[in-house]
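Residue strings, one per chain:
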Amino acid sequence: MIEVKNIKKEFGKHLVLKDVSVKVEDGQVVVILGPSGSGKTTLLRCINFLENADSGRLTIGDTEVDLKRAGKKEILNIRRKTAFVFQNYNLFANKTAIENVMEGLVTARRVPKAKAREQAEEALNWVGLSDRYDYYPAQLSGGQQQRVGIARAFVLDPEVILFDEPTSALDPELVGETLDIIKRVAEKGITMIVVTHEMSFAQDVADKVIFMDGGVVVEEGTPEAIFSNPREERTRQFLSRIISLDPNYSI
Amino acid sequence: MNFNLDHFKESLIYGLIYLPNTLRLVFIPLVIGLSLGTLIALVRVYKVPVIGSLLALFVTVYQGVPIVVALMIYNLIFMLKFNDLAAFLHLKSEVSDVNNIWVGIFALSLTSVCSISEAIRGALLSIDKGQNEAGDSVGLTKVQTIVRIIIPQMIPVAIPMLINNVVGLIKASSVVMAIGIVEIVAGATIPSSRTYAFFEGYAAAAMIYWAFTAVVEGLAQKLKKYTGKFRRNLYD
C-alpha cells in the first residue's frame, strides 16, 4: 500500500500542491488526470523525492517517512522501493540498452553481474527489444527508448512504478506500442501510479482515476464513475473538452 | 636576413635537450589541474554550501592575475622565506639546494586548476538534469551517479575545451624563463648567445612547440572519439 498524506509543495510563491492525499492499494493501477499545471507531475516527483515537498507524510509498505525531513538513508530506501518512468525517458546516455537496465540492479542493489544480465535480458525481451541490447539510447527511437525505460523500472521489482506522462513525447504511432507495454506491466499486478493524458488508456487499465486541478484532488473514483458520471463541474468541463478530441472514445 | 640552417639545427638540439623540463612543467600541472579542477567543478555544480561559493570566489580572483605576476610573487616568497620555513620544519636543505622549477610547476598548477575547473564546469552544466534524476530513481547514490553516469558523459564534452587548456599550458610554460628556469625557449637560444643567431634560435623553439602541440591535439582527438562512442556522431 502506498499512501501520501497532506502533501504541500510551493515553488517560490506558487502553491503547486495544496494539501493532497492519495491512497493506492497493492496491485492497483491509479491514473492521475488533470490539466497542465495542476500539480500531478509534482505529486509524482515528490513521492520519489525528485522534488522536496514542504510537508506531508509518505507510507510505502511498512515504511513511513516525513516528506520534508527525510534523511539521506530514508530517501535512498524509498527510492529503492519505487521506480520512475520519465516523460523524456532519461536513459543513461553513456550506457547501452542492457547496461541501462542492469545499472540499478548491479550498482544499487548489488546483484551479481551475470544474474543481473540475465534479468535485464529477460526484461528487454519482454518489452520487445531482444535485438537492441547493445544499442545506445541515441541509436533508438523514442518508443524504443521509453520501452527500455519501462524495462529499467520493471526489472527492479519495485513496490510501485511511477509513470510521468510516459507517452507525451512520442508521436501518435509510437504511443500505441508504449501503452501496450504499460498495460502488460499492469496485468502483472504491479502497483502503478500513472500521470497521463491518454483517456482511453485510463478507461481500459485504471482501477482508480484521480482528477486533479489547481493543486488539489477534485474528484476520485472508478473510471466508470469519473468518465460517465462525474460529480464535479470542473471534471465534467475537462473531460468534455478532451473527449471531443478523441474520436475513438465514446461514453 | 640570412637563415643559417646549421645554427637552426644546433638550436633545435639544445631546445630538445630541455624538452623534459617543459614536459614536467606541462604534465604535472595538467594532472593536478585535472584532478583538483574536476573536484572544484563538481563542488560548484552540485552547489555544496559555503565551500562552493568560496571556490567560486577563489577561481574568479585568481584568474584575474597574470601568470607572470603570480610566478614572480611565488619566486620572491620562495627565495626570501624558504630558509626560514626549512629551519622551522627542521629540514637540512637551503634555498640553493632546491630547483626552482618547482616554483614554476606550482604557479602553472594553480593557473591550470582554475582554468580546467571552468572548462569542466561548463561540460558538467551541459549534461541534462534528467541524468541525475534517472540515477536517483534507480536508487544510485549521488557519488555513484557522478562517477558512473555524469563524469563519463562530461569527458567527451570537456575534451575540446581541455585541448585549449593544454595548448595554453604548453605555451605558458615558457614564461618560467622569467625566473631562470631553462626550458625549450631558453634552451634553444643558448647557442644564440654565442653565434648571435637569435632568429634561428627562436624559430627552432617555435618548431618544437608546434610539433609538441600537434601531437597533443592528435592524441586528444583520438581520446575524444573513444570516450564519446555513445554519442551520435553529428558534430564530430
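Model, not experiment: these values are computed from the prediction.

1. Examining the overall build of chain A
- Assigned secondary structure in chain A consists of 9 helices and 10 strands.
- Against the 2.2 N^0.38 benchmark of 18 Å for 251 residues, chain A shows a C-alpha radius of gyration of 18 Å, consistent with a compact globule.
- Its C-alpha atoms give chain A principal-axis dimensions of about 55 × 45 × 30 Å.
- When the 251 residues of chain A are sorted by exposure, 57% land in the buried category.
- Counted over contacts in chain A with a minimum sequence separation of 6, partners at least 24 positions apart contribute 63%.
- Carbon and sulfur atoms make up 45% of the accessible area of chain A, which amounts to about 10,900 Å² in all.

2. Description of the sheet that holds strand S2 (residues 14–24) of chain A
Residue and element names in this part refer to chain A.
- Strands sit in the order S2-S1-S4-S5 across an open sheet of 4 strands; the sheet is antiparallel. This sheet does not close on itself; its edge strands, each paired only once, are S2 and strand S5 (63–66). Taken over all neighbouring pairs, the strand axes of this sheet differ in orientation by 15° on average, direction set aside.
- With 7 bridges joining them, strand S1 (residues 2–11) and S2 adopt antiparallel strand pairing. Pairing of Val4 across the sheet is with Val22, part of S2.
- Across the sheet, helix H2 (residues 72–79) lies against strand S4 (55–60) and S5, angled at about 130° from S5, the strand it touches most.

3. With respect to the interface of chain A and chain B
- Across the boundary between the two partners, chain A contributes 25 residues, which contact 21 residues of chain B.
- Considering only the surface of chain A that becomes buried against chain B, Phe92(A), Asn94(A) and Ala138(A) emerge as the three largest contributors, covering 25% of it.
- Taken together, the links from chain A to chain B amount to 3 salt bridges.
- Between the two partners, chain A and chain B, sit 10 residue pairs in polar contact (both at pLDDT 80 or more).
- At the level of secondary structure, the elements contributing two or more residues to the side of chain A that touches chain B comprise H2, strand S6 (82–85) and helix H3 (97–108) of chain A.

4. Brief notes about helix H5 (residues 142–154) of chain A
- Here H5(A) contains 13 residues, and its C-alpha end-to-end distance of 18 Å stays within 8% of the 18 Å for a straight helix at 1.5 Å per residue.
- Along H5(A), 13 of the 13 residues are buried, which leaves the element largely enclosed by surrounding structure.

5. A look at the sheet that holds strand S7 (residues 160–164) of chain A
All names here are of chain A.
- Read from one edge to the other, the open sheet built from 6 strands follows the order S6-S7-S8-S3-S9-S10, with strand pairing classed as mixed. For this open sheet the edge positions go to S6 and strand S10 (216–221), each flanked by a neighbour on one side alone. The sheet shows a mean angle of 20° between the axes of neighbouring strands, taken without regard to direction.
- Alignment of strand S3 (residues 29–33) against strand S9 (residues 208–213), held across 4 bridges, turns out to be parallel. Residue Leu33 lies in a different strand from S9, and its bridge partner there is Phe211.

6. Here's the deal with the pattern of salt bridges
- Summed over the entire model, instances satisfying the criterion amount to 22 salt bridges over all chains.
- Two residues, Glu64(A) and Arg57(A), come together in a salt bridge whose shortest N-O distance is 2.6 Å.
- Take Glu64(A): its relative accessible area is 42%, and that puts it in the partly exposed class.
- Connected through salt bridges with shared partners, the residues Arg45(A), Glu51(A), Lys129(B) and Glu133(B) form a single ionic network.

7. Remarks on the environment of Leu80(B)
All names here are of chain B.
- Turning to its location among the elements, Leu80 is positioned in helix H4 (residues 67–88).
- Residue class for Leu80 comes out exposed when judged on its relative accessible area of 61%.
- Leu80 sits 16 residues away from Ser96 along the chain, and the two C-alpha atoms are 11 Å apart.

8. Notes on the pairing of S10(A)
All names here are of chain A.
- As paired strands, S9 and S10 are joined by 5 bridges and run antiparallel to one another. Across the sheet, residue Ile210 finds its bridge partner in S10, namely Glu220.
- Where S9 folds back on S10, the antiparallel hairpin that results is connected by 2 residues, among which Gly214 adopts a positive phi of roughly 55°.

9. Looking at the pairing of S4(A)
Residues and elements named next belong to chain A.
- With 5 bridges connecting them, S1 and S4 associate as antiparallel partners. Looking at the pairing, Lys8 lines up with Ser55 of S4.
- Relative to S5, S4 runs antiparallel, the two being bridged by 4 bridges. Bridge pairing links Arg57 to Asp66 in S5.
- Hairpin connection, S4 to S5: the antiparallel pair is bridged by 2 residues, and Gly61 has positive phi, about 60°.

10. Looking at the nonpolar core
- Grouped together as the largest cluster of nonpolar side chains are 137 residues, with contacts concentrated most on Ile7(A), Leu33(A), Leu43(A), Leu58(A), Leu124(A) and Met192(A).
- When residues of this core are assigned to domains, at least three fall in each of domain 1 (1–18 + 182–236) and domain 2 (20–175) of chain B.

11. Focus on the domain arrangement of chain B
Residues and elements named next belong to chain B.
- Domain boundaries in chain B define domain 1 (1–18 + 182–236) and domain 2 (20–175).
- Once you take the C-alpha centre of each, domain 1 and domain 2 turn out to be 25 Å apart.
- Counting residues at the interface gives 20 residues for domain 1, matched by 20 residues for domain 2.
- Carbon and sulfur atoms supply 76% of the area buried between domain 1 and domain 2, which totals about 1,500 Å² over both sides.
- Listed by contribution, the elements that provide at least two residues to the side of domain 1 that touches domain 2 are helix H1 (5–17), helix H8 (184–188) and helix H10 (198–227).

About the criteria used
- Residues numbered from 1 in each chain as written.
- Chains lettered and ligands numbered in written order.
- Predicted model: local features only at pLDDT ≥ 70, side-chain atom pairs only at ≥ 80, totals over all residues.
- Heavy atoms only, no water.
- Helix = DSSP H or I, 4+ residues; strand = E, 2+ residues; numbered from the N terminus.
- Rg over C-alpha atoms; globule rule 2.2 N^0.38 Å.
- Buried < 20%, exposed > 50% of the residue type's maximum accessible area, 1.4 Å probe, protein only.
- Contact = heavy atoms within 4.5 Å.
- Areas by Shrake-Rupley, 256 points an atom, 1.4 Å probe, with all protein chains shown as cover.
- Pairing = 2+ DSSP bridges.
- Axes fitted to C-alpha atoms, helices over the stretch in contact; angles between N-to-C directions.
- Buried area = accessible area lost by both parts, 1.4 Å probe.
- Salt bridge = Lys/Arg side-chain N within 4 Å of Asp/Glu carboxyl O.
- Polar contact = N/O pair within 3.5 Å; in protein donor to acceptor, adjacent residues only side chain to side chain.
- Expected span 1.5 Å × (residues − 1).
- Core = buried A, V, L, I, M, F, W, Y, C linked by side-chain atoms within 4.5 Å.
- Domains from an automatic or database assignment.

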